[in-house]
Amino acid sequence: MRAADLMSKEFAVMKADDTISHSLPLFENNDVIVVMDGKNYTGVLIGKEILRAKIPPSAKVKNFIKHAPRLHPETPAEEIARLMLESNMYHLPVFDGEKLVGMVGYDAILKHIMEGEIGEEPAEKFLSGDIITVAPDDNIG
């Protein structure tokens, strides 16, 4: 499975010069918003970061963008998952050359995993062993 198979061509888009107040309604249905400067991709706004921060509503979107790793339509699902984990960004843009053609979200990756061979494996195969635990009243030492 590759990015072209997992990507969505439908995603929220804002202009870099828009204000944060214009992004708030879009986050009701989107985790991430793509930010464009004209026809050029600039970055993404991450909903949880914007909604948690005390940002003035008149602040410009371009000041809060994040730069996500770029995917190619042929990027394999395993590489997408690795990039998501390493970047701590769970929606990545897919580019064909310099043109943004879609977004891959973590939900598409999880669905791919669950429908594949891994989805049939017993959970105990992925459990870690030798777990060390502490009680809430134990001291740090």
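Up top is the structure these notes are about.
Residues numbered from 1 in each chain as written. Predicted model: local features only at pLDDT ≥ 70, side-chain atom pairs only at ≥ 80, totals over all residues. Heavy atoms only, no water.

Student: Talk me through unusual backbone geometry; I want residue IDs and the actual numbers.
Tutor: The backbone of N88 shows a phi angle near 60 degrees, a positive value even though the residue is not glycine. Following the sequence through the fold, N88 ends up in the loop between α4 (77-87) and β4 (91-96). (Helix = DSSP H or I, 4+ residues; strand = E, 2+ residues; numbered from the N terminus.)

Student: So, the nonpolar core: which residues are in play, and what are the values?
Tutor: If you look at the biggest cluster of nonpolar residues, it comprises 24 residues, and the most contacted ones within it are Y41, V44, L71, I80, L92 and V104. Elements that contribute at least two residues to this core include exactly α1 (3-6), β2 (32-37), β3 (40-46), α4, β4, β5 (99-105) and α5 (106-115). Core analysis: the second largest hydrophobic core is formed by 13 residues, I20, V35, I50 and A59 among them. (Core = buried A, V, L, I, M, F, W, Y, C linked by side-chain atoms within 4.5 Å. Buried < 20%, exposed > 50% of the residue type's maximum accessible area, 1.4 Å probe, protein only.)

Student: Tell me what's going on with the sheet that holds β2, and back it up with residues and numbers.
Tutor: Strand order in the open sheet formed by three strands is β1-β2-β3, with mixed pairing between adjacent strands. Of all the strands in the sheet, the pair left with one neighbour each is β1 (13-15) and β3. Each neighbouring strand pair of the sheet contributes to a mean axis angle of 35 degrees, computed without reference to strand direction. Pairing analysis gives six bridges linking β2 to β3, with the strands arranged antiparallel. Within the sheet, the bridge partner assigned to V32 lies in β3 and is I46. (Pairing = 2+ DSSP bridges. Axes fitted to C-alpha atoms, helices over the stretch in contact; angles between N-to-C directions.)

Student: Tell me what's going on with the pairing of β3, and back it up with residues and numbers.
Tutor: Most of β3 is tucked away: five of the seven residues are buried. A loop of two residues connects β2 with β3, the two strands running antiparallel in sequence, and G38 in this loop sits at a positive phi of about 70 degrees.

Student: Tell me about the pairing of β2, residues and numbers included.
Tutor: In terms of burial, β2 is largely enclosed, as five of its six residues are buried. Direction of pairing for β1 relative to β2: parallel, over a ladder of three bridges. Residue pairing in the sheet places V13 in a bridge with V34 of β2.

Student: Give me α4: which residues, what numbers.
Tutor: Residues of α4 that are buried: A77, I80, L83 and M84. Buried positions in α4, seen along its axis, are confined to an arc of 120 degrees and lie on one side of it. Turned more than 90 degrees off the buried face of α4, the exposed positions are E78, L85 and E86. At its buried positions, α4 is contacted by α1, β4, β5 and α5. (Arc of directions from axis to C-beta. Contact = heavy atoms within 4.5 Å.)

Student: Give a detailed account of the packing of aromatic side chains, specifying residues and quantitative values.
Tutor: According to the stated counting rule, one finds one aromatic pair in the structure shown. Judged by centre distance (4.9 Å) and plane angle (75 degrees), the ring pair of Y41 and F95 falls under edge-to-face. Note that Y41 is positioned in strand β3 and F95 in strand β4, a separation of 54 residues in sequence. Classification of Y41 as buried rests on a relative accessible area of 13%. Over the aromatic face of F95 sits the side chain of R70, whose NZ or CZ is 4.1 Å from the ring centroid. (Phe/Tyr/Trp six-rings, centres within 6.5 Å; stacked < 30°, edge-to-face > 60°. Lys NZ or Arg CZ within 6 Å of the ring centre and 35° of its normal.)

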